[in-house]
Amino acid sequence: MVGHDSAADVYTQALPVILISLVAGLFAGTLLGTETMREGIESVPGILLLLPAFLATRGGVYGSLGARLSSGLHQGVIDPHFEWNDRLRNAVIASFLNGMIVSIFIAVLAWGVLLALGRNGSLLELVIILTVAALLSAFAMLGVLLTVIFKGYRRGLDPDNVIGPVVTTVGDVFGVAFLLIGIAVAGVLL
Amino acid sequence: MSAGGDVLHGEDLDDNPTTEWSVSSIVTTLVPLLVALSILQMVSGTVLETFEEQLLENPSLLILVPVMIGTAGNLGSIMCSRLATQLHLGTLEFSPTNPDIRSNVGAVMGLAATVFSLLGIASWLIGRALGGTLGLGTLLLITIVSGMLLAVWVVIVSTVSVYGSYRLGYDPDDTTIPVVTNICDITGVLILFGVVWVVL
């Protein structure tokens, strides 16, 4: 009967997605736990402070881009054959801007919280790290998301069902890896 | 009814598809939301920063962080979207004897038990490979206790917010999922480190 799934039914339906997010989280966590990343966390005050906000922001930015493109495809206002029309270009540019603006805001915010906690932090260092990480995330996430949405749609996959797992799986792993690259870049520049 | 509100809402959006897809409208809608979210996320960031020394000493604990954040939000969104759908279908009755509520709660508890047991074992294995010293028993204790506390918390927050949003006349599909996912993400970290603090 509709609406009367047993606990076991719900469990079986939800388990695959939950397990995918477990594996993705373990990848991201393993990157965080590596020697290099731990050294980075130790040498740059504020990395752990901004980590949850940074990861959540990318989920928000690219999850909403995915949902928007998917609705656009379903409504027929976006062509299923990838080409740069105004709507697609606008959506991509907007999500790029969203990612950059909010990431730089997070760097400033984290610096403010560090000061409030009575700890030292370098605003310039945090801004460089997050700019690099947000920029690389944007290229990687846009590439993966557009490929998956358009190729998937043409093969009959409903993008609504794919975006969530893709954004969480790819997002956290890329996010942590690009933070690490950002730390390295800041180390070279400063 | 909220289902009727949904349809009207969709028609409103379709009236001006050109402004809806403009860069400035997307940016001005999303940036304030993400900024507010980031400020909230600083709460869990501050907890992580406070535990920095223990996290660096025990890579197993660092491994737990992204999984804890992700799973908390996932469980919250499963619970909320199921409750919201049942509300729309008219089969939802807020009572502990309701079979729908029971199966939602049972499933969330079962999922949490599965994921957090696996997480305990995986973080122990990976942590050892990365040079950590925390034992399997300790890690399982941490992941299972914090995971089950989290599951109970997810059930409470989801039910209260779906009920609250229904009473206030908002469609829970629009309001509760973003709110609950973020609340669960943040409290997931708080619960995890509450348990870590007690155990270690």
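Residues numbered from 1 in each chain as written. Chains lettered and ligands numbered in written order. Predicted model: local features only at pLDDT ≥ 70, side-chain atom pairs only at ≥ 80, totals over all residues.

As a reminder, the rule being used: UniProt positions are given in the numbering used here, feature names are shortened, and annotations may be inferred rather than shown by experiment.
An unreviewed UniProt entry lists chain B under the name MgtE integral membrane protein, with Natronorubrum sulfidifaciens JCM 14089 given as the organism. Quoted verbatim from the Sequence similarities (unreviewed entry) field of UniProt, the annotation for chain B is "Belongs to the SLC41A transporter family." For chain B, the Subcellular location (unreviewed entry) comment in UniProt is given as "Membrane".

Under an unreviewed UniProt entry, chain A has the name MgtE integral membrane protein and belongs to Natronorubrum sulfidifaciens JCM 14089. What the UniProt record of chain A gives under Subcellular location (unreviewed entry) is the line "Membrane". In its Sequence similarities (unreviewed entry) section, the UniProt entry covering chain A states "Belongs to the SLC41A transporter family."

With respect to the UniProt feature "transmembrane region" (unreviewed entry) in chain A
Which entries qualify depends on this criterion: Each helix corresponds to a stretch of at least 4 residues labelled H or I by DSSP, and each strand to a stretch of at least 2 residues labelled E; elements are numbered beginning at the N terminus.
If you check UniProt for "transmembrane region" (unreviewed entry), the listed places come out as residues 14-34, 91-114, 126-150 and 162-189 of chain A in our numbering. Secondary structure within residues 162-189 of chain A divides into 100% helix and 0% strand; the distance between the first and last C-alpha atoms comes to 39 Å.

Remarks on the nonpolar core
We count it as follows: Each nonpolar core consists of buried Ala, Val, Leu, Ile, Met, Phe, Trp, Tyr and Cys residues. Their C-beta atoms, within 7 Å, join them into a set. Counting other C-beta atoms within 10 Å of a residue's own tells you its class, since 20 or more makes it buried, 12 or fewer makes it exposed, and anything in between is partly exposed; those C-beta atoms are placed from the backbone.
Judged by nonpolar contacts, the single largest core of 117 residues is most densely connected at A:A110, A:I129, B:L75 and B:V108. Ranked by residue count, the leading element in this core is helix α5 (residues 59-89) of chain B, at 16 residues.

Thoughts on the UniProt feature "domain: SLC41A/MgtE integral membrane" (unreviewed entry) in chain B
The feature "domain: SLC41A/MgtE integral membrane" (unreviewed entry), as given by UniProt, occupies residues 65-195 of chain B in the numbering adopted here. Strand forms 0% of residues 65-195 of chain B and helix 85%; the C-alpha atoms that close the span are 13 Å apart.

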